[in-house]
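Here is how the chains run, residue by residue.
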Amino acid sequence: MKQTAGTSTKQMLSERVHTQLREAIMRGKYVPSEPLKPQELAQQHQVSLAVVREALVRLVGEGIAVRLPNRGFAVPDFSDRRWQEIAEARRTIEPVMLRLAIERGDLDWEARVRAAHHRLARTPAYVPEDDSEYYSSAWSEAHRLFHRTLLEGCGNPVLLDTFDRLWTASELARRWSAHRIRDRDGAAEHRSLEEAALARDPDTAAEVLVKHLTLTVAGLTSRSSHGQG
């Protein structure tokens, strides 16, 4: 079916609203459980209600928003059981992938792991001139790339696709956890992961990874405000 100019414009507007809303939620502009009211958002972004709803539905699919029983929308809550379920899935799947990567990964994989860790270690987690207390987009991408590169050695595209989906679904929880637990040494955890993987020590690597993932979700239930994974 041929796309009309009106349809194309609506998609462009929906993409813009989706991107802006996603970034606002990720950077703490909306607090957990805060309603995302379509009419207010439509006025704020100067777009139609249909455009806003389309953007919100996408955010729900990504785990960045939730649909309420009365068909409204809101930011998820810290206590949302889904965070625990995602963490359980990651703790089950990713250590297996890491063991396979250590077994199958070649010299090129080792080089890519080193490069990805170097990039992560050298990328500032926060932008000095930015007043946001949440991770920068550059650091978040370097973080994702490091974890994915570690697992790419498994050579299984189906498992890697599962990782991609779980990573996207857990991004908001990861940022919240880091914001709430400030004294966590994530850099040391990532360094330990790299060292164990390149030492071809699957038991230690899997243990470090499970702890890394567990600390992240624990940050959502901690009352401390002093998190990554």
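As a reminder, the structure under discussion sits directly above these lines.
What counts, and at which threshold
- Residues numbered from 1 in each chain as written.
- Predicted model: local features only at pLDDT ≥ 70, side-chain atom pairs only at ≥ 80, totals over all residues.
- Heavy atoms only, no water.
- Helix = DSSP H or I, 4+ residues; strand = E, 2+ residues; numbered from the N terminus.
- Rg over C-alpha atoms; globule rule 2.2 N^0.38 Å.
- Areas by Shrake-Rupley, 256 points an atom, 1.4 Å probe, with all protein chains shown as cover.
- Lys, Arg positive; Asp, Glu negative; His and termini not counted.
- Charge placed at Lys NZ, Arg CZ, Asp CG, Glu CD.
- Axes fitted to C-alpha atoms, helices over the stretch in contact; angles between N-to-C directions.
- Parallel < 35°, antiparallel > 145°, perpendicular 65-115°, else oblique.
- Left-handed = near helix turned anticlockwise from the far one by under 90°.
- Contact = heavy atoms within 4.5 Å.
- Nonpolar A, V, L, I, M, F, W, Y, C, P; charged D, E, K, R; others polar.
- Phe/Tyr/Trp six-rings, centres within 6.5 Å; stacked < 30°, edge-to-face > 60°.
- Lys NZ or Arg CZ within 6 Å of the ring centre and 35° of its normal.
- Expected span 1.5 Å × (residues − 1).
- Buried < 20%, exposed > 50% of the residue type's maximum accessible area, 1.4 Å probe, protein only.
- Polar contact = N/O pair within 3.5 Å; in protein donor to acceptor, adjacent residues only side chain to side chain.
- 1 Å grid on protein atoms, 1.4 Å probe; cavity = no way out; pocket = protein on both sides within 12 Å on 5 of 7 lines; lining within 4 Å.
- Points joined across faces, edges and corners; volume = space filled by probe spheres on them.

Visitor: Any chance you could break down the overall build of the protein for me, citing the residues and the numbers?
Guide: In terms of helices and strands, the protein carries 9 helices and 2 strands. Secondary structure of the protein in N-to-C order comes out as α-α-α-β-β-α-α-α-α-α-α. Here the protein has a C-alpha radius of gyration of 19 Å; the compact-globule value for 229 residues is 17 Å, and the two agree. When the backbone C-alpha atoms are referred to their principal axes, the protein occupies close to 55 × 50 × 35 Å. Accessible surface, the protein as shown: approximately 12000 Å² in total, 52% of it carbon and sulfur. Distance from the positive charge centre (33 side chains) to the negative charge centre (32 side chains) of the protein: 5 Å.

Visitor: Residue-level account of the packing of helix 2 (residues 38-45) against helix 3 (residues 49-61), with values.
Guide: Packing of helix 2 against helix 3 brings their axes to within 9 Å, and their N-to-C directions diverge by 110°. Taken together, the axis directions place helix 2 and helix 3 in an arrangement best described as roughly perpendicular. Crossing handedness for the pair helix 2 and helix 3: right-handed. Counted together, Pro38, Gln39, Leu41 and Ala42 of helix 2 and Leu49, Val52, Arg53 and Leu56 of helix 3 form the full contact between these two elements. Partitioned by chemical class, the residues of the contact of helix 2 with helix 3 number 6 nonpolar, 1 polar and 1 charged.

Visitor: Give a detailed account of the packing of aromatic side chains, specifying residues and quantitative values.
Guide: This structure, assessed with the given rule, holds 3 aromatic pairs. Ring pairs connect the aromatic residues Phe78, Trp83 and Trp176, which therefore count as one cluster. Above the face of the Trp83 ring, Arg82 is positioned so that its terminal group lies 4.7 Å from the ring centre. The ring of Trp167 has Arg174 lying over it, and the distance from NZ or CZ to the ring centre is 3.6 Å.

Visitor: Break down helix 8 (residues 186-198) for me, with residues and values.
Guide: Over its 13 residues, helix 8 extends 18 Å from the first C-alpha to the last, a length consistent with the 18 Å expected when each residue adds 1.5 Å. For helix 8, the full list of buried residues reads Gly186, Ala188, Glu189, His190, Leu193, Glu194, Ala196, Ala197 and Leu198. Where the residues of helix 8 are buried, they touch helix 4 (81-104), helix 5 (107-122), helix 6 (137-152) and helix 9 (202-221). Just beyond helix 8, the residue with positive phi is Arg200, at close to 60°.

Visitor: I'd like to hear about the packing of helix 4 against helix 9, residue by residue, with values.
Guide: Between helix 4 and helix 9, the least distance of the axes is 9 Å, while the angle of their chain directions is 165°. By the criterion of interaxial angle, the relationship of helix 4 to helix 9 is roughly antiparallel. Note on packing geometry: the crossing formed by helix 4 with helix 9 is right-handed. Where helix 4 approaches helix 9, its residues Trp83, Gln84, Ala87, Arg90, Arg91, Glu94, Pro95, Leu98, Arg99 and Ile102 are matched on the opposing element by Pro202, Asp203, Ala205, Ala206, Leu209, Val210, Leu213, Thr214, Val217, Leu220 and Thr221.

Visitor: Tell me about helix 4, and name the residues and values.
Guide: An α-helix turns once every 3.6 residues. As a result, residues three or four positions apart point the same way. With 24 residues, helix 4 extends 35 Å between its outermost C-alpha atoms, agreeing within 8% with the 34 Å of an ideal straight helix rising 1.5 Å per residue. Buried residues in helix 4 make contact with helix 5, helix 6, helix 7 (157-180), helix 8 and helix 9. Of the residues that open helix 4, the one with a side-chain oxygen 2.9 Å from the backbone nitrogen of Arg82 is Asp80.

Visitor: Explain empty space enclosed by the protein to me, and be specific about the residues and the numbers.
Guide: Approximately 110 Å³ is the volume found for the largest cavity. Lining the largest cavity we find 11 residues, and of these Ala87, Arg90, Ser170, Thr216 and Val217 sit closest to its centre. The element that contributes the greatest number of residues to the lining of the largest cavity is helix 4, accounting for 4 residues. Split into classes, the residues belonging to the lining of the largest cavity amount to 6 nonpolar, 3 polar and 2 charged. Listed by contribution, the elements that provide at least two residues to the lining of the second largest cavity are helix 6 and helix 7. In terms of residue count, the dominant contributor to the lining of the second largest cavity is helix 7 (4 residues). Considered class by class, the residues forming the lining of the second largest cavity number 3 nonpolar, 2 polar and 3 charged.

Read these as spatial facts, not as claims about activity.
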